[in-house]
Structure formats: structure tokens, C-alpha cells
Amino acid sequence: MKPISLTGIKPTGKPHIGNYLGMYRPALDLMKTYQGIYFVADYHALTIMHDPETLRELVYEVAAGWLALGLDPDEAIFFRQSDVPEIPELTWVLSCFTSKGLLNRAHAYKAAVDENLSLGRDPDEGVNAGLFNYPVLMAADILLYGSDVVPVGLDQKQHIEITRDIAEAFNRTYGPVLKVPEGIIQENVMKVPGIDGQKMSKSYNNTIPIFAPEKEVRKQVMRIVTDSKRPEDPKDPHDSTLFTLLSFFASPERLEEIRQLYVHGGAAYGDLKKELANLILAHFADARQSFADLMNNRGYIDDVLAQGAQKARRMGQPYLAAVRKATGID
Ligand code: ADP
Ligand code: TRP
């Protein structure tokens, strides 16, 4: 049996190139040496998404995105989180080994509290307990199968550390029952910038979506924020969102040429944006076609997810049984 690589993505918006570079691509690359377990984290999405139609639609989009980007459902275990009831069961058990203070310090919850305080409101205003417990659910996702590695972007690093803390707390009480996982965070794509220069994120409305109509992809790329320098002015490539994004898609030779144009003058932002849009569309041409086909064949997606859930449950059940036995809830 190969070691296990596991990751999930929330269906809270359309897959974007930050997700691709920070998570989808590294996760799919790991399939060569690891057994991949990949899933659509719809229970996590429920902490913020309360419109059923949108949630259903986004589950299809995210699932189609995985498949279109190359996930082979015969090789990977690929499913929808809510189809595996062992996950919420393990979440409860783990919550009894999670110190509340640890969750108080989790970034998403802390950010909500800090914002409330800065506005003079009650610290917990608008915060549901699902958001607070989010890291415990994520720990259950990971620990249910004895995962070895978890490929994620930098923003998820703290969640992996919390998962490790929870597993260690459980093991201190009962002996080595849970495997303590490692995060895999890609140094060079730790934070892919969005079109406004902040981290690319669905929550900031600054993404370049992978599967949107061509016109929309081009429009987003043309909106990348640049300064007011003229083409002939020398520019610092390290201080340019456009250059950073080009560096992920241009060939090394072309990137070096563009770097010279930045440093010595000659880089016209408009032309470079058009070049970037073409590179992105070419890079994802096959995936975009396959995404469109999949979205027209939702019965197939349903079947793939249902079969994946069966595999995931079979794989998770022995671990859950060990947890139940260790705790005396058996
Ligand atoms: P978003 O911030 O758009 O809501 P998610 O939180 O759903 O994205 O992230 C899904 C996966 O993609 C996570 O592993 C996350 O670390 C990774 N990811 C998201 N945005 C970026 C980014 N800008 N750069 C690198 N990785 C990212
Ligand atoms: N919290 C992750 C995110 O925001 C999604 C996720 C849920 C996940 N469960 C996971 C990632 C387990 C890795 C492992 O993107």
C-alpha cells in the first residue's frame, strides 16, 4: 500500500489559478508516489454558504474541476465529504481532545473576532459554531484514513498544525492510534497574487477563474493592477503582480526576456497582459473543454462521487473502529 496524500477543497466559488498552483497541481502530481484521497468539502462550505441551489451547483463545478484537471477516479479516492458519515462522527470524538483555546487562535475565527472588536461589536457577533469548529472537522477529514501528507496552500498551514496537535493529544491519552500527518506547502507558489496584488482568493473577488468563458478570463487578466510607468521606463519585476503571474505560465526563456524588458525598459503592460491571457487559455485548453463536457454530464459526476464515497468509507471504517475501541465507545 502506498502512503496517502489527502486534500479537500470547499465548494464556495469557482476554481481559480491560485487553487490550481497552490493545491490542485501539487496534489495531482503526488499521485505518482501516493495513494490520493481528494474530496469536495461541502460540510466546510456550509459554515458560510446558506443557499442550497448555489451550494449544489458549486459542488458540481468543483468536482468537474478536479476531473478536468486530470484526477483519475479509478486511481484516486474521490468523493463528496457529506457522503462519508464517519467524518462527522470522528469530528465529535476529536472535539473532545481539542482545547478550546487552540480554536480561539485559529486564523479564520480570530479574524472574525478582531473585525467585530474593531467595529465595537460583541466579539462573536455573526460567528456560528461551525466556523469555530471548522479546524476539528478538517482534522477528522485528514485523520480518518491515516493520511501521511496533506498538500495545501500556505493559508492552510495553521489548520495542519492544529490537526497534528489534536492527533498528538489523542495519542497522549490512548497510545499511538492516530497517524500524525505532514503538510506539503509549495515554497514557490505559497501565495499566488490576485489581480489586485493581494492573495488570490474567492473571498477577495480578485481571482482568475480557470473554467469561466474565455471573455471573462481575458477581462480579469486585463484588470491586473499595474503602476503608471510607461513601456520604456525601467521597472522592478519583483514588485509586479503581472510579472509574478507570468512567471507561473511563461517558458523559462520567455520569462528571462520579459525580465530584461522590465529591468531595461520595453515592457508594455497591455501587451504582456494579452500574452498572459493567451498563456493561461492555452495551458488550460484541454481542461476547459473537458470541464464543459463534464458539466453537461452530471449523472457521470454523481456516479463517480458515489463510488468514491464507498471506497472512502471502507478505508476510514477501520480507523474509526480503532478510535472507538481506544475510547471505550465501542
Ligand atoms: P479561496 O481562498 O479562494 O477561498 P480556498 O480557501 O478554497 O481558496 O483554498 C483551496 C486550496 O487552494 C487551499 O489548499 C489553499 O491553500 C489553496 N489556495 C487558495 N488560494 C491560493 C493562493 N492564492 N495561492 C496558493 N494557494 C492557494
Ligand atoms: N480548509 C480547506 C480550505 O479552505 C479545505 C479542506 C477541508 C481541506 N478539509 C481538508 C484541505 C482536509 C486539506 C485537508 O481550502
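Definitions and cut-offs
Residues numbered from 1 in each chain as written. Chains lettered and ligands numbered in written order. Predicted model: local features only at pLDDT ≥ 70, side-chain atom pairs only at ≥ 80, totals over all residues. Heavy atoms only, no water. Domains from an automatic or database assignment. Contact = heavy atoms within 4.5 Å. Buried area = accessible area lost by both parts, 1.4 Å probe. Salt bridge = Lys/Arg side-chain N within 4 Å of Asp/Glu carboxyl O. Polar contact = N/O pair within 3.5 Å; in protein donor to acceptor, adjacent residues only side chain to side chain. Nonpolar A, V, L, I, M, F, W, Y, C, P; charged D, E, K, R; others polar. Axes fitted to C-alpha atoms, helices over the stretch in contact; angles between N-to-C directions. Helix = DSSP H or I, 4+ residues; strand = E, 2+ residues; numbered from the N terminus. Parallel < 35°, antiparallel > 145°, perpendicular 65-115°, else oblique. Left-handed = near helix turned anticlockwise from the far one by under 90°.

1. Quick notes on the domain arrangement of the protein chain
Now for step 1: Considered domain by domain, the protein chain is made up of domain 1 (4–191 + 297–327) and domain 2 (212–283).
Now for step 2: Spacing between the C-alpha centres of domain 1 and domain 2 amounts to 34 Å.
Now for step 3: Taken together, the five residues of domain 1 in the interface contact five residues of domain 2.
Now for step 4: Summed over both sides, the interface between domain 1 and domain 2 buries roughly 460 Å², with carbon and sulfur atoms accounting for 80% of that surface.
Now for step 5: Its largest share of buried area at the contact with domain 2, domain 1 owes to I17, Y20 and L21, together 69% of the area lost on that side.
Now for step 6: Scanning the region where domain 1 abuts domain 2 turns up zero salt bridges.
Now for step 7: The interface formed by domain 1 and domain 2 includes one residue pair in polar contact (both at pLDDT 80 or more).
Now for step 8: Tallied by class, the residues present in the side of domain 1 that touches domain 2 amount to four nonpolar, one polar and no charged.

2. Remarks on the packing of helix α3 (residues 52–68) against helix α13 (residues 285–295)
Now for step 1: Remark: α3 packs on α13, axes separated minimally by 9 Å, with the N-to-C direction vectors making an angle of 135°. On the basis of their axis angle, the class for α3 and α13 is oblique. The chirality of how α3 crosses α13 is right-handed. Facing E57, Y60, E61, A64, G65, L67 and A68 of α3, the residues of α13 in contact are A287, S290, F291, L294 and M295.
Now for step 2: Classifying every residue of the contact of α3 with α13 by side-chain character gives eight nonpolar, two polar and two charged.

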